[in-house]
Amino acid sequence: MIPKRIPASAVFLCLVMPATAQEQPAEGWNVIPHNRIVESGNVLPDAPVLIKSLGDAAEFLTRWTPPANAAEWRRRRPEKEAGFRQAIGLQTQPERSPLHARILAQHDLGDYTIENLIFESRPGFPVTANLYRAKPASPGKHAAVLCPIGHYLSAGKAASDVQARCIKLARMGFVVLVYDAIGQGERLAPGNIHHDAGYALLPLGETIAGWMVWDSIRAIDYLLTRDDVDPHSIGVTGNSGGGLNTLFTAALDARVRAAAVVGFTFEFSNWLKYAGTHCTCTHLPGLFRSMEWFEIAGLIAPRALLMLQGTDDGIFPISGARRAAANTGRIYKLLDHPAQVRFTELAGQPHAYSQPYREQMYGWMAQQLLGRGDGGPIAEGDVRPLDEKDPRLRCDPGKTILRGTPTVVDLARKQAATAIAKLPSEGASQWIRDLTAPPDALPHFLAPQVHERIQVPGGRLEKISFVSEDGQRIPGLLWLPEHTGAPARTVIVADARGKAAVAESGLVPPLLGAGIAVLAIDLRGRGESLSYYQPGVWNTNFRLLANQVLFGQPLAGRRAFDLLRAVDYLSSRKDLSSGDVTVVGIGDDSLPALLASAADRRIRRTAVAGYFHSFVSQIRSRAPQPGTSLDESWNDPQLTGRIDTGGYMVDFGSVIPAVLKAVDVPDIAALIAPHPVLFCQALDNGTAAAEVLRFHRVTNSSGGNWIRYEPGSPLTAALLLEWLQGREKR
């Protein structure tokens, strides 16, 4: 608890700084008492905001039930495929550019050979791969198996268990192609790591999963250029991220005749509650609003599908896997192909592609693609992989071919520049209204509460809260000036560090002294509503923002709606004016402030500090961390949902899928005109010349001098008060 009277020295600092960290707030500024419970990643902490997000999505997912008959599935299937292509970002496929495939080396390993080769899945975007064949190779065309890999950051395609399945499949007579997934093995580089690359692609309406699948589609294209491959006998198999790639590729490419998905069979509604969001390659925008897992698998039917899951898989719970597999099996049965699908759970097996899984897969591929056996397990026998560092497993051991090739982030930035040049001239207002819309047509109960009243220098502090939408209570600190007769003019402040940062800044006293009320609120997932698995180290931001992406409700839009409900709260009080409202956004909460102001004319003035001129500035790679390798730190964004680019932090919660198909930051700001805007302390000032030029061009096109542009100046209390009182620079 804080004392009933707060000394001025405890509250008033000299400067309001943009959010640079998500630190655990001082408990004294909390509004709603609660105890934090630290748990493991598979169990939710005391996290009401996250629990609501997951619960809403899980409830929505229950509507996706298996079809009643074959006719219903045939009617539903085109909609599901279209929805899946939209979510993964492949509704329009990239150009099938020349592969420029070249074999760099061949190695004789006794009864099999390895060819090191490179092909380009996109122009100038090389894919490193190894091709395994039996020796001596029999004449004619052979069935082929593509082996997309999971997360093997350093080893990539050279990982021992990857080699093992490639060797055995080659000995069985298959042509086997394995390649380094984006950000793995020889393609491990800043800008290719899944989190950085995935959230760089989202503003373009693309996903890292879509790029992974496109790599696999082009890998099949390569296989079909070979005269030793039977184009009618193509299989795909992988585990974890490779299982994702297998499932998605088989769903979208009918050339795949048999698929074996390992460690990636689950039920969305079960997984989101009891496992987590994991890698960004699973973050497909709006997927939950279109389908359940079994419907993606159903796109493969009636082609052969094997699902393998360990009972001790700690990432994808076996309980959900059983239901997902059963629902998938129902589709195959409706289509009169029950023998073409199989689900096998391996007792005591963890999340892996170890020998028990591989032996199940060998039998399946032999039956489906070679016409041999009954599909039961085939013993692996004596398979001896090479050392993972053996140069014969690398396409570019001297690192001369790949040096200087563009990364996903590089290509995304290039695409973003093109996208901005093609932004539509109309529709931005409706897009913003849709993004910030209430959950229902009619408003939810505001349920305003005053939890505590405290005398402070210059007025009174009230700890208040209100309900933004069912289950989402927004806590706030409301400072009321002394001796106000008429309803007080009000400034609403949202700081990405939380309302405690506002309370401990120098922002409040001058405003109170000028007779202005200040309401500082924690938008959802900020301040006291940001929960922790490990205080100061691991919070719930990443899991929250990822679920909102999957649920088709980007967090920035929901936070903007929280601000609109804060305006509703002002209207509920007779001592506050809702007719002259200013919204201040600090750090990444600048984006919700801009969106809310563009959506609702009740907001008369908007000030933002510590944000960007353009969403292109979000498309950055993380900066190297001294003493930490990429394979050790690749998953660090899961701790806080943020990356350090070296010059500034990028919060993934401010990334809006497909935003650059509709608007950029200056387009949002221009929609606020002629209401005044104060734009200060741009994080990308001096590093984004083209984006700055466009910012000026777009904002100037609205006419007048409604925007005060101070990109190099911090938002001080003096600057804010001067702007509020109308003494603006001309």
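Above this text you will find the structure in question.
Read on for an overview of the structure. (Residues numbered from 1 in each chain as written. Predicted model: local features only at pLDDT ≥ 70, side-chain atom pairs only at ≥ 80, totals over all residues. Heavy atoms only, no water.)

## Regarding the overall build of the protein chain
Reasoning step 1: In terms of helices and strands, the protein chain carries 23 helices and 22 strands.
Reasoning step 2: For 730 residues, the compact-globule estimate of 2.2 N^0.38 gives 27 Å, and the protein chain sits close to it at 28 Å.
Reasoning step 3: For the C-alpha atoms alone, the extent of the protein chain along its principal axes is close to 95 × 50 × 45 Å.
Reasoning step 4: For the protein chain, buried positions account for 62% of its 730 residues.
Reasoning step 5: Counting contacts in the protein chain only where the partners sit at least 6 residues apart, residues at least 24 apart contribute 76% of the total.
Reasoning step 6: With the model as given, the accessible surface of the protein chain reaches about 25900 Å², and the carbon-plus-sulfur share is 53%.
Reasoning step 7: Separation between the mean location of the 75 positive side-chain charges and that of the 72 negative ones in the protein chain comes to 3 Å. (Helix = DSSP H or I, 4+ residues; strand = E, 2+ residues; numbered from the N terminus. Rg over C-alpha atoms; globule rule 2.2 N^0.38 Å. Buried < 20%, exposed > 50% of the residue type's maximum accessible area, 1.4 Å probe, protein only. Contact = heavy atoms within 4.5 Å. Areas by Shrake-Rupley, 256 points an atom, 1.4 Å probe, with all protein chains shown as cover. Lys, Arg positive; Asp, Glu negative; His and termini not counted. Charge placed at Lys NZ, Arg CZ, Asp CG, Glu CD.)

## Thoughts on the side chain of Asp253
Reasoning step 1: Tracing the backbone shows Asp253 in the loop between α7 (241-252) and β7 (256-262).
Reasoning step 2: Engagement of the side chain of Asp253 in a polar contact is seen with the side chain of Arg255, the distance being 2.7 Å.
Reasoning step 3: Those residues in contact with Asp253, other than ones at most four positions away along the chain, are Ile217, Ile220 and Arg303. (Polar contact = N/O pair within 3.5 Å; in protein donor to acceptor, adjacent residues only side chain to side chain.)

## Remarks on the packing of aromatic side chains
Two aromatic rings are characterised by how far apart their centres lie and by the angle between their planes.
Reasoning step 1: Within this structure, the stated rule accounts for 23 aromatic pairs.
Reasoning step 2: Summarising the aromatic geometry, the rings of Tyr611 and Phe612 are spaced 4.9 Å apart at their centres and angled 45 degrees between planes, so their arrangement reads as tilted.
Reasoning step 3: A network of ring pairs unites the aromatic residues Phe84, Phe248, Phe264, Phe266, Phe268, Trp271, Phe288, Trp293 and Phe316 as a single cluster.
Reasoning step 4: Taking NZ or CZ as reference, Arg289 lies 4.1 Å from the ring centre of Phe551, over its face.
Reasoning step 5: The cationic tip of Arg605 hangs over the ring face of Trp723; the distance from NZ or CZ to the ring centre is 5.2 Å. (Phe/Tyr/Trp six-rings, centres within 6.5 Å; stacked < 30°, edge-to-face > 60°. Lys NZ or Arg CZ within 6 Å of the ring centre and 35° of its normal.)

## Digging into helix α16 (residues 541-550)
Reasoning step 1: Burial analysis of α16 places 10 of its 10 residues in the buried class, which makes it a mostly covered element.
Reasoning step 2: Those residues of α16 not exposed but buried are Asn541, Phe542, Arg543, Leu544, Leu545, Ala546, Asn547, Gln548, Val549 and Leu550.
Reasoning step 3: Gly552 occupies a position one or two residues after α16 and carries a positive phi of about 75 degrees.

## Details of the state of the cysteines
Reasoning step 1: In the structure shown here, the tally under the stated rule is 0 disulfides.
Reasoning step 2: In this structure Cys281 is a free cysteine whose sulfur lies 3.4 Å from that of Cys279, the closest cysteine sulfur available.
Reasoning step 3: Among the residues examined, Cys281 registers a relative accessible area of 2% and is labelled buried. (Disulfide = S-S within 2.5 Å.)

## What about the pairing of strand β1 (residues 102-108)?
Reasoning step 1: Sheet topology note: the β1/strand β2 (residues 112-122) ladder contains 6 bridges and is antiparallel. Bridge pairing in β2 places Gln106 opposite Glu115.
Reasoning step 2: Hairpin connection from β1 to β2: 3 residues lie between these consecutive antiparallel strands, with Gly110 at a positive phi of about 95 degrees. (Pairing = 2+ DSSP bridges.)

## Observations regarding helix α22 (residues 689-700)
Reasoning step 1: The end-to-end C-alpha separation of α22 is 17 Å, in line with the 16 Å expected for 12 residues at 1.5 Å each.
Reasoning step 2: Taken residue by residue, α22 has Glu691, Val692, Arg694, Phe695, Val698 and Thr699 as its buried positions. All buried residues of α22 lie within an arc of 165 degrees about the axis, which places them on one face of the element. Exposed residues lying more than 90 degrees from the buried face of α22 are Ala689, Ala690, Leu693, Arg697 and Asn700.
Reasoning step 3: On its buried face, α22 sits against α12 (408-421), α21 (665-672), β21 (677-680) and β22 (707-710). (Expected span 1.5 Å × (residues − 1). Arc of directions from axis to C-beta.)

## Section: the pattern of salt bridges
Reasoning step 1: On inspection of all chains with the given rule, the structure shows 47 salt bridges.
Reasoning step 2: Residues Glu469 and Arg524 are paired through a salt bridge, measuring 2.9 Å at the closest nitrogen-oxygen approach. Of the two residues, Glu469 sits in strand β11 (residues 459-469) while Arg524 sits in the loop between β14 (517-521) and β15 (532-534), which places them 55 residues apart along the sequence. The two residues Glu469 and Arg524 agree in class, both being buried.
Reasoning step 3: Each of the salt bridges in this network shares a partner with another, and the network as a whole consists of Lys52, Asp56, Glu469, Arg524, Arg558 and Asp562. (Salt bridge = Lys/Arg side-chain N within 4 Å of Asp/Glu carboxyl O.)

## Quick notes on the environment of Gly376
Reasoning step 1: One can find Gly376 in the loop between α11 (355-370) and α12.
Reasoning step 2: C-alpha of Gly376 to C-alpha of Asn30: the two residues are 346 residues apart in sequence and 60 Å apart in space.
Reasoning step 3: The residues contacting Gly376, other than those within four sequence positions of it, are Arg342 and Gly363.

## Here's the deal with the sheet that holds strand β6 (residues 229-239)
Strands in a sheet are paired, the pairing made by backbone hydrogen bonds, and the direction either parallel or antiparallel.
Reasoning step 1: In spatial order, the strands read β1-β2-β3-β5-β4-β6-β7-β8-β9; together these 9 strands make up an open sheet with mixed pairing. At either margin of the open sheet sits one strand with a lone partner, and together these are β1 and β9 (341-346). Recorded for the sheet is a direction-independent mean angle of 20 degrees between the axes of neighbouring strands.
Reasoning step 2: Pairing between β6 and β7: 6 bridges, direction parallel. (Axes fitted to C-alpha atoms, helices over the stretch in contact; angles between N-to-C directions.)

## So, the side chain of Asp651
Reasoning step 1: Residue position: Asp651 is located in strand β20 (residues 649-651).
Reasoning step 2: Among the polar contacts listed, one links the side chain of Asp651 to the side chain of Asn541, at a separation of 3.4 Å.

## Side note on the packing of helix α6 (residues 208-223) against α7
Reasoning step 1: Running from amino to carboxyl end, α6 crosses α7 at an angle of 65 degrees, the nearest separation of the two axes being 9 Å. Comparing their axes, α7 and α6 come out roughly perpendicular. Crossing of α6 over α7 shows right-handed handedness. Taken together, the residues of α7 that come into contact with α6 (itself represented by Ala209, Met212, Val213, Ser216, Ile217 and Ile220) are Gly241, Leu244, Asn245, Phe248 and Thr249.
Reasoning step 2: Broken down by class, the residue content of the contact of α6 with α7 amounts to 7 nonpolar, 4 polar and no charged. (Parallel < 35°, antiparallel > 145°, perpendicular 65-115°, else oblique. Left-handed = near helix turned anticlockwise from the far one by under 90°. Nonpolar A, V, L, I, M, F, W, Y, C, P; charged D, E, K, R; others polar.)

## Details of the nonpolar core
Reasoning step 1: Counting 165 residues, the largest nonpolar core has Phe84, Phe248 and Trp293 as the members making the most contacts within it.
Reasoning step 2: Among the elements that make up this core, the one with the highest residue count is α6 (11 residues).
Reasoning step 3: Once you skip the residues sitting within four places of it in the chain, Trp293 turns out to touch Leu247, Phe264, Thr265, Phe266, Phe268, Met307, Ala324 and Thr328.
Reasoning step 4: The next biggest cluster of nonpolar side chains, apart from the first, holds 41 residues, and it includes Tyr112, Ala155, Val178 and Leu369. (Core = buried A, V, L, I, M, F, W, Y, C linked by side-chain atoms within 4.5 Å.)

## Let's talk about the pairing of strand β4 (residues 142-148)
Reasoning step 1: Burial analysis of β4 places 7 of its 7 residues in the buried class, the great majority of the element.
Reasoning step 2: Across 4 bridges, the pairing between β4 and β6 is parallel. Across the sheet, Ala144 pairs through a bridge with Ile234, a residue of β6.
Reasoning step 3: Pairing between β4 and strand β5 (residues 175-179): 5 bridges, direction parallel. When the sheet's bridge partners are listed, Cys147 is paired in β5 with Val178.

## Comments concerning the sheet that holds β14
Reasoning step 1: Overall, mixed pairing links the 9 strands, which are arranged β10-β11-β12-β14-β13-β17-β18-β21-β22 in an open sheet. What marks the edges here is a single partner per strand, and that holds for β10 (449-456) and β22. Ignoring strand direction, the axes of neighbouring strands in this sheet form an average angle of 20 degrees.
Reasoning step 2: Bridging between β10 and β11 involves 7 bridges; their strand directions are antiparallel. Bridging from a neighbouring strand, Arg453 pairs with Glu462 of β11.
Reasoning step 3: In this fold helix α18 (residues 590-599) packs onto β17 (576-586) and β18 (603-609), with an angle of close to 160 degrees to the strand it touches most, β18.
Reasoning step 4: Relative to β22, α22 is tilted by about 160 degrees, and along the sheet it contacts β21 and β22.

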